Amino acid sequence: MIEIGFNGSMVGNLKAAAAYNGLFKGDEGGTEILMLEFILNIGYIDNDITGEYRTALPGELYMFSGCDDDVEFEEEETEEEAKASFGAGNLRQWDRFLKCLEICKDIRIWLSHTSESICGMLFLCNYLEDKDVNIYIAECPRFIPERSKYLLAGWEMCEPKNLAEYVSVTRKINQDELHAYSEKWEKLKKENAPLRAYVDDRIISVNEDFYDFILRRHIPDGEFKALRLIGDSYEEGIHIASYWLEHRVEYMIESGDLEIVKDSKDKRKRILCKKQ
């Protein structure tokens, strides 16, 4: 089985569950766990995923904040080289996926309730529609006992030790469903919006400023850290990566809605206030 996740946290959980919790019932040797982190909910999607634009985008997004706490550079590695390494890593995973398809026809997509995961799944179904493969979907439950206070957005919110209990949610999709997902991706590609959002169980094309109203609602009076604004906005259940919100905070600074009181190399630690 080829196991597919669409972000590092989710795939990390899968690997931990496989290594320590018997996720694949002793068939770990016949299992390939891959991360296809193409971030297809953000940016234009009429380009080939192996092209320059889509390859460069993950690094640009990850490195946007200028933070050096979460991303460790190799010795003497420049920021530009670090950005390029993200894209190169994605291409290696994609090449590995294509090689695995030559010998394995069973693919399981670990699907979360996020725009990134849904877009990844739609893209894969579009790519695989005319291939001789079996596609299975393990859809994250909305509620599980060990996280009883939360409605789950994604598998990364589950403890690795508990993932084995939920492999049973796997279902095989039929050709009609596969075609419907493929057609949906073609529609999104044609719309080619700068952003896609998951709203009321539907993936829709939206403008770049789609989440801005939530950010604006949480701008406090007085001075505040950018990180606080982003964290407070997340409390409303925004299911998009924090680097996108960082990008939108930067836009608000450039457009004059916010001003920098105290700058920082890590943009999340900057002190901001409303423009006077």
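Our subject is the structure listed above.
Residues numbered from 1 in each chain as written. Predicted model: local features only at pLDDT ≥ 70, side-chain atom pairs only at ≥ 80, totals over all residues. Heavy atoms only, no water.

Trainee: What exactly am I supposed to notice about the overall build of the protein chain here?
Mentor: Along its length, the protein chain carries 9 helices and 10 strands. A total of 276 residues make up the protein chain; the buried ones form 48% of that total. Long-range pairs, those at least 24 residues apart, make up 64% of the contacts in the protein chain with a sequence separation of at least 6. For the protein chain, the accessible surface area stands at approximately 14,100 Å², while carbon and sulfur atoms represent 47% of it. (Helix = DSSP H or I, 4+ residues; strand = E, 2+ residues; numbered from the N terminus. Buried < 20%, exposed > 50% of the residue type's maximum accessible area, 1.4 Å probe, protein only. Contact = heavy atoms within 4.5 Å. Areas by Shrake-Rupley, 256 points an atom, 1.4 Å probe, with all protein chains shown as cover.)

Trainee: Can you walk me through the sheet that holds strand β4 (residues 134-139) in this structure?
Mentor: Within the open sheet, the 5 strands sit side by side as β2-β1-β3-β4-β5. Their pairing is mixed. Edge positions in the sheet fall to β2 (32-35) and β5 (170-172), since each of these pairs with one other strand and no more. The average undirected angle you get between the axes of adjacent strands in this sheet is 25°. Both strand β3 (residues 106-111) and β4 contribute to a ladder of 6 bridges, which runs parallel. Bridging across to β4, D106 finds its partner in N134. On the sheet, helix α1 (residues 8-20) packs against β1 (2-5), β2 and β3 and is oriented at approximately 165° with respect to β2. (Pairing = 2+ DSSP bridges. Axes fitted to C-alpha atoms, helices over the stretch in contact; angles between N-to-C directions.)

Trainee: Can you walk me through the sheet that holds strand β10 (residues 271-274) in this structure?
Mentor: What holds strands together in a sheet is hydrogen bonding between their backbones, with the strands either parallel or antiparallel. An order of β8-β10-β9 is seen for the 3 strands of this open sheet, with the pairing classed as antiparallel. This sheet does not close on itself; its edge strands, each paired only once, are β8 (224-225) and β9 (258-262). In terms of strand pairing, β8 meets β10 through 2 bridges, oriented antiparallel. The partner of K225 across the bridge, within β10, is I271. Along the sheet, helix α9 (residues 242-254) contacts β9 and β10; its crossing angle with β9, the most-contacted strand, is approximately 95°.

Trainee: Any chance you could explain the pairing of β3 here in plain terms?
Mentor: A regular strand carries its side chains on alternate faces of the sheet. Across the 6 residues of β3, 5 count as buried, placing the element largely inside the fold. Pairing of β1 with β3, which is carried by 3 bridges, proceeds in the parallel orientation. In the sheet register, I4 faces β3, and the bridge partner there is I109. In terms of handedness, the path from β3 via helix α4 (residues 115-128) over to β4 forms a crossover that is right-handed. (Right-handed = clockwise from strand over helix to strand, strands pointing away.)

Trainee: Mind showing me how you'd approach the packing of helix α8 (residues 226-234) against α9 here?
Mentor: Following both chains from N to C, one finds α8 and α9 inclined at 125°, their axes separated by 10 Å at the closest point. Judged on the interaxial angle alone, α9 and α8 are oblique. Judged by the twist between their axes, the crossing of α8 over α9 is right-handed. For the pair formed by α8 and α9, the contact residues are L229, I230 and Y234 on the first element and S242, L245, E246 and V249 on the second. Grouping the constituent residues of the contact of α8 with α9 by class yields 5 nonpolar, 1 polar and 1 charged. (Parallel < 35°, antiparallel > 145°, perpendicular 65-115°, else oblique. Left-handed = near helix turned anticlockwise from the far one by under 90°. Nonpolar A, V, L, I, M, F, W, Y, C, P; charged D, E, K, R; others polar.)

Trainee: How should I be thinking about the environment of Y251 in this particular structure?
Mentor: Checked against the element boundaries, Y251 lands in helix α9. You can call Y251 partly exposed: its relative accessible area is 39%. For the pair Y251 and D209, spaced 42 residues apart in sequence, the C-alpha to C-alpha distance is 9.5 Å.

Trainee: Please clarify how the pairing of β1 should be interpreted in this entry.
Mentor: Burial along β1 is two-sided: I2 and I4 facing one way and E3 and G5 facing the other are all buried. Looking at chain direction, β1 and β2 are connected through 4 bridges and run parallel. Residue pairing in the sheet places E3 in a bridge with I33 of β2.

Trainee: I keep staring at the nonpolar core and nothing clicks. Help me out?
Mentor: It is characteristic of soluble globular proteins that their nonpolar side chains tend to be buried jointly. Counting 34 residues, the largest nonpolar core has I2, I4, F97, I107 and L124 as the members making the most contacts within it. Elements with a minimum of two residues in this core: β1, α3 (79-101), β3, α4, β4 and α6 (175-191). For this core, the element with the most residues is α4, which contributes 8 residues. Those residues in contact with F97 that lie beyond four places of it in its chain are I2, I4, L34, I107, L124 and L128. Formed by 25 residues, the second largest nonpolar core is a distinct cluster that contains I42, A197, I230 and Y243. (Core = buried A, V, L, I, M, F, W, Y, C linked by side-chain atoms within 4.5 Å.)

Trainee: Mind showing me how you'd approach the pattern of salt bridges here?
Mentor: It is possible for side chains of opposite charge to pair when their charged atoms get near one another. Applying the stated criterion across every chain yields a total of 14 salt bridges. Between E236 and R217 there is a salt bridge; the shortest N-O distance is 2.4 Å. Here E236 is found in the loop between α8 and α9, whereas its partner R217 is found in helix α7 (residues 212-217), with 19 residues between them in sequence. Assessed through its relative accessible area of 39%, E236 is described here as partly exposed. In this structure, D232 engages R228 in a salt bridge whose closest nitrogen and oxygen atoms are separated by 3.5 Å. Highlighted residues: D232 and R228, both in helix α8, separated by 4 residues, approximately one helical turn. By relative accessible area, which is 44% here, R228 ends up partly exposed. Residues joined in a network through salt bridges with shared partners are E246, D266 and R268. (Salt bridge = Lys/Arg side-chain N within 4 Å of Asp/Glu carboxyl O.)

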